[in-house]
Structures are given as structure tokens and as C-alpha cells.
Amino acid sequence: MIPQEIIRRKRDGKVLTGDEIAAFIAALTKEEISEGQAAAFAMAVFFRGMSRDETVALTLAMRDSGTVLNWDALDRPVADKHSTGGVGDNVSLMLAPIVAACGLAVPMISGRGLGHTGGTLDKLQSIPGYNVMPDEVLFRKVVREVGCAIIGQTSDLAPADRRLYGIRDVTATVESVPLITASILSKKLAAGLGSLVLDVKVGNGAFMESPEEAEALARSLVEVANGAGVKTAALLTDMNQPLADAAGNALEIVNCLDFLAGLKAGTRLEAVALAEAAEMLVQAGVASNLAEAEENARLALSSGEAMERFARMVHALGGPADFCERPDSYLERAPVRLRVPAPRDGYLAACETRAIGLAVVELGGGRKRAADPIDHRVGISELLPLGRQVSEGEPIAMVHARTKEDAERIAEDIARFYTISDAPVAAAPVILKRIG
Ligand code: URA
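Everything numeric here is computed off the predicted structure, so don't read it as measured data.

Caption draft 1: Up close: unusual backbone geometry. Not every positive phi belongs to a glycine, and alanine 158 is a case in point at roughly 45 degrees. In this fold, alanine 158 is placed in the loop between strand 3 (148–152) and helix 8 (159–169).

Shown next as C-alpha cells:
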């Protein structure tokens, strides 16, 4: 295999064979291909695209670049979900214990924050002692005994993706449907799933802002995953406002505990979490229809079973045994809290969701460079949903910051990020479309 010939063929718009793609990815994994060659390949794919067959071949080659987990010894269906990322999107945290309580096994490999979006791993690392990188023996034990374990990507899981993703990140080649498809699915398929639900975010806080782009990505993900033998459906969900009423690492853990305690009933967050739970349960064959599945998910919440699973997962992965009973004793709080007053009377009509995510990064809750440390305490809570009527001076959010200066600056920004209209605004639907 001569790498530059493969790059040249893709550059010229040719369709690569499965063998060519497999050979390129094998060489990439063994570091026999230079960063420059990998970047040129990514850029050629970015501009020329890939056929469905090429995308399947790329996904499978990246999946097979490392360990592929096998859960045949488990007595339950193995399932997972993946979100393309948003602001205040902490659904994975409650979804895994809910569906575990309903009879699924969920080996969830999650990521760190990317750009303006929060990452499940960063949120879990707010919990003292929680080990996001357990060895495979502990990971398997927790999935078997608790039903769910949310951890990070180990070094032997889809290593080709880790190398290529790092190169894409710094060569402006992230936003490519075939490359995103292969990147996300190689990791998910390597986790050995039987079924998968994808939450593809759409709107001004999503990577794919337009419904057309989001739908193209959703169709690619669904077709490739189903083609690889994993039963998969996608929900397109709205990201034109933060999903939860909090954004920031420890704040989203608190929000998750409130959710599991039944304190977030009737919210957009609940609608997404229950819809995804229902999809997962039906796909995995433990419920016969969506209505029955949603009822089971609600029962897992109201009985306290989902909270118990979350508590057991936290403890089994090294966190405090009584974390869910006494989160305030364990989660650190930011030293300064400041309310954001509504600048005038009216209705919250729109918000700049991406800017709200970046405000959390600015406070120290996300990274500007890959190696930056995270301040788990900071963020924004008590965010009001769009459509809400407000009076001038009434709080629309609360900023949690390290310093008074940070708090004042970000509070001013947040007030500007909202558009307030005189006329009432209808709440937009949160689940836009199902593809599968
Ligand atoms: N998340 C991933 O894992 N990969 C991508 O390419 C984009 C988002």
C-alpha cells in the first residue's frame, strides 16, 4: 500500500475500495503514516465525501483497529446511546441508570467536552473518587453487577479514531459527515453493543445547526450502524436553547440527581430522556411498544430504582457510597454566585445557545486547549426556558464563578444572549424527528 496513492485517488474524487481503506487505517494505527498524510487524507474526504460503502469500510476498519468488547456472557441486551453534543445536555447521566433499571446492560463509553459543548466524563469527574478510566475487569464487573457504567475511551478502544481525531481537530476537518460517522460509530461498535439510540442535536447550540445537515448526519449514522449489524435509530432534538436548566460540570450532576429524584417533571429534559429511554427499551426488545417502554422508564424513576442504580455505579467506580444522599458534602461549590436579571419585561423568545456554552468555558468549566484543567464548580444554573414571561429585574439565570469579576462579566453576557419579545412565544418542540 502506498498511502499517497490512496490520498491521490480520494483527492481526485475516486471511490476507494474496502481493502484500500483498511490498509490505510491499519497503517495509521501503527503510525506508519505521517500526520501530514493523515491530514491530507482527512481533507480529501472532507471535500470529496465518501459513499455509504466507503463510510462503512472506514467505520469497520477504525472499530477493528483495537479491542472489540464482547458481552455474550451477559444475560441482558447490551445497548447504548450517543449524543452529538450540546449545552446542558446531561441526558446520558440519567438515561444509563433508567434503562439499566429496566433490564438493559449499558457499557457507555463517553467523551470529554468538545468546543462549547459539555462532556459526560468532565461532569462525572466532579464526583470525588469517580474513576472514569477503570481497567476492563472493573468495567465489566460494574456493567454486570449494576447494569451501567459510564467511562472514558480506553487506549485500546478504536485507537485509529484517537489518532485521526486529534489530527482532524487541528486541521479543520471535523465537520465531515463520513468522518464524524466513522469516528462516533467506531467507538460505539467497539463497545460491543446490540442496539444504539442516537441523539442528533439541531440548532444554534449544535455542531450541525441546520435541520438538513443534522438529518444528513443522522441518516449516515443510522445506515452505517444498521449496516454494521447494530440496531440503530436517531432522534433529531432541538438545541436552540440549553436542554437542562443548568450548564457546567458539578451543576449538571446536581441537575441529574434532581431529575432522578423526580424534580424535573414536565421539562424538555424529561421529554428527551424518556423518549430516548423508550427507544432503547423497544430496540433492545424488553418492551413491545414506545408507550409501554416510557411507562417502564417512568416507573424506574418513581420507584427510586434509577437513583439507586446511579448511586451504585458511582460507588462501584470509586465514588462515595452515600453520594446521592449527601451530594452537597462532596460537590464543590463556586465561591461567587450572581443572579442574571432580565433586562426588561417580556417573553424569552430566543437565546444564543453556543455563546452560553462558551460562557461556561470562559468561566473555567471547559477547555480552551486540550491540556487545560477544568474547574468543576463553575457554570450557570436556574436557566429559564424560552417562552417564559419575565419582568424586568427577575432572575433568568444564576452564574457560578471563581471571582466577582468573572461573575459580573458573564452575567452581563448572559443577559445579552437572550432576546426578549413583547409578544408571547410558543414553546418549540424538543423532539423534531425520528430516523430509523
Ligand atoms: N464526536 C466524535 O466522537 N467524533 C467526531 O468526529 C465528532 C464528534
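Caption draft 2: Focus on the side chain of serine 186. Locating serine 186 in the fold gives a position in helix 9 (residues 177–190). A distance of 2.8 Å separates a polar side-chain atom of serine 186 from the backbone oxygen of alanine 182. A distance of 3.1 Å separates a polar side-chain atom of serine 186 from the backbone oxygen of serine 183. Not counting residues within four places of it along the chain, the set of residues in contact with serine 186 comprises Thr59, Met62, Arg63, Ala158, Asp161 and Thr181.

Caption draft 3: Region of interest: the sheet that holds strand 12 (residues 431–435). Spatially, the four strands line up as an open sheet ordered 1-4-5-12, and their pairing is mixed. The sheet is open, and its two borders are formed by strand 1 (79–83) and strand 12, each paired with just one other strand. Strand-to-strand twist in this sheet, taken as the mean axis angle between neighbours without regard to direction, amounts to 20 degrees. Relative to strand 12, strand 5 (residues 231–238) is paired through four bridges, and the arrangement is antiparallel. Directly across from alanine 234, in strand 12, lies its bridge partner isoleucine 435.

Caption draft 4: Highlighting the side chain of serine 195. Its place among the elements puts serine 195 in strand 4 (residues 195–202). Given the relative accessible area of 4%, serine 195 is considered buried. The contact partners of serine 195, leaving out residues within four places of it in the chain, are Val78, Ala79, Asp80, Val230, Lys231, Gln283 and Ala284.

Caption draft 5: Focus on the nonpolar core. With 121 residues, the main nonpolar core has Ile98 and Ile414 as its most contacted residues. When residues of this core are assigned to domains, at least three map to each of domain 2 (79–316) and domain 3 (332–421). One finds Met50, Leu58, Met62 and Ile167 within the second-largest nonpolar core, a separate group that totals 24 residues.

Caption draft 6: How the structure looks around the pairing of strand 10 (residues 395–401). Within strand 10, six of the seven residues are buried, which leaves the element mostly enclosed by the surrounding structure. In this structure, strand 6 (residues 336–341) lies alongside strand 10, joined through six bridges in antiparallel fashion. By the bridge assignment, arginine 337 is partnered in strand 10 with histidine 400.

Caption draft 7: Region of the structure containing the packing of aromatic side chains. Counted under the stated rule, the structure contains four aromatic pairs. Here the aromatic rings of phenylalanine 24 and phenylalanine 41 are separated by 4.3 Å at their centres, their planes lie at 25 degrees, and the arrangement is stacked. Taken together, the positions of phenylalanine 24 in helix 2 (residues 18–29) and phenylalanine 41 in helix 3 (residues 35–48) put the pair 17 residues apart, joining distant regions of the chain. On the basis of relative accessible area, phenylalanine 24 is assigned to the buried category, the value being 1%. Summarising the aromatic geometry, the rings of phenylalanine 46 and phenylalanine 47 are spaced 5.3 Å apart at their centres and angled 85 degrees between planes, so their arrangement reads as edge-to-face. According to the relative accessible area criterion, phenylalanine 47 is exposed, its value standing at 65%. Geometry around tryptophan 71 places arginine 140 over its ring, the cationic atom sitting 4.7 Å from the centre. In this structure, lysine 187 is placed above the aromatic ring of tyrosine 165, and the distance from its NZ or CZ to the ring centre is 5.8 Å.

Caption draft 8: Main features of the packing of helix 4 (residues 52–63) against helix 10 (residues 211–227). Close contact between helix 4 and helix 10 brings their axes to 10 Å; oriented N to C, the two are set at 65 degrees. Looking at the two axes, helix 4 sits roughly perpendicular to helix 10. The way helix 4 lies across helix 10 gives a crossing that is right-handed. Where helix 4 abuts helix 10, its residues Arg52, Thr55, Val56 and Thr59 lie against Arg219, Ser220, Glu223 and Val224. Each residue belonging to the contact of helix 4 with helix 10 can be placed in one class, and the counts come to two nonpolar, three polar and three charged.

The rules behind each value
Residues numbered from 1 in each chain as written. Predicted model: local features only at pLDDT ≥ 70, side-chain atom pairs only at ≥ 80, totals over all residues. Heavy atoms only, no water. Helix = DSSP H or I, 4+ residues; strand = E, 2+ residues; numbered from the N terminus. Polar contact = N/O pair within 3.5 Å; in protein donor to acceptor, adjacent residues only side chain to side chain. Contact = heavy atoms within 4.5 Å. Pairing = 2+ DSSP bridges. Axes fitted to C-alpha atoms, helices over the stretch in contact; angles between N-to-C directions. Buried < 20%, exposed > 50% of the residue type's maximum accessible area, 1.4 Å probe, protein only. Core = buried A, V, L, I, M, F, W, Y, C linked by side-chain atoms within 4.5 Å. Domains from an automatic or database assignment. Phe/Tyr/Trp six-rings, centres within 6.5 Å; stacked < 30°, edge-to-face > 60°. Lys NZ or Arg CZ within 6 Å of the ring centre and 35° of its normal. Parallel < 35°, antiparallel > 145°, perpendicular 65-115°, else oblique. Left-handed = near helix turned anticlockwise from the far one by under 90°. Nonpolar A, V, L, I, M, F, W, Y, C, P; charged D, E, K, R; others polar.

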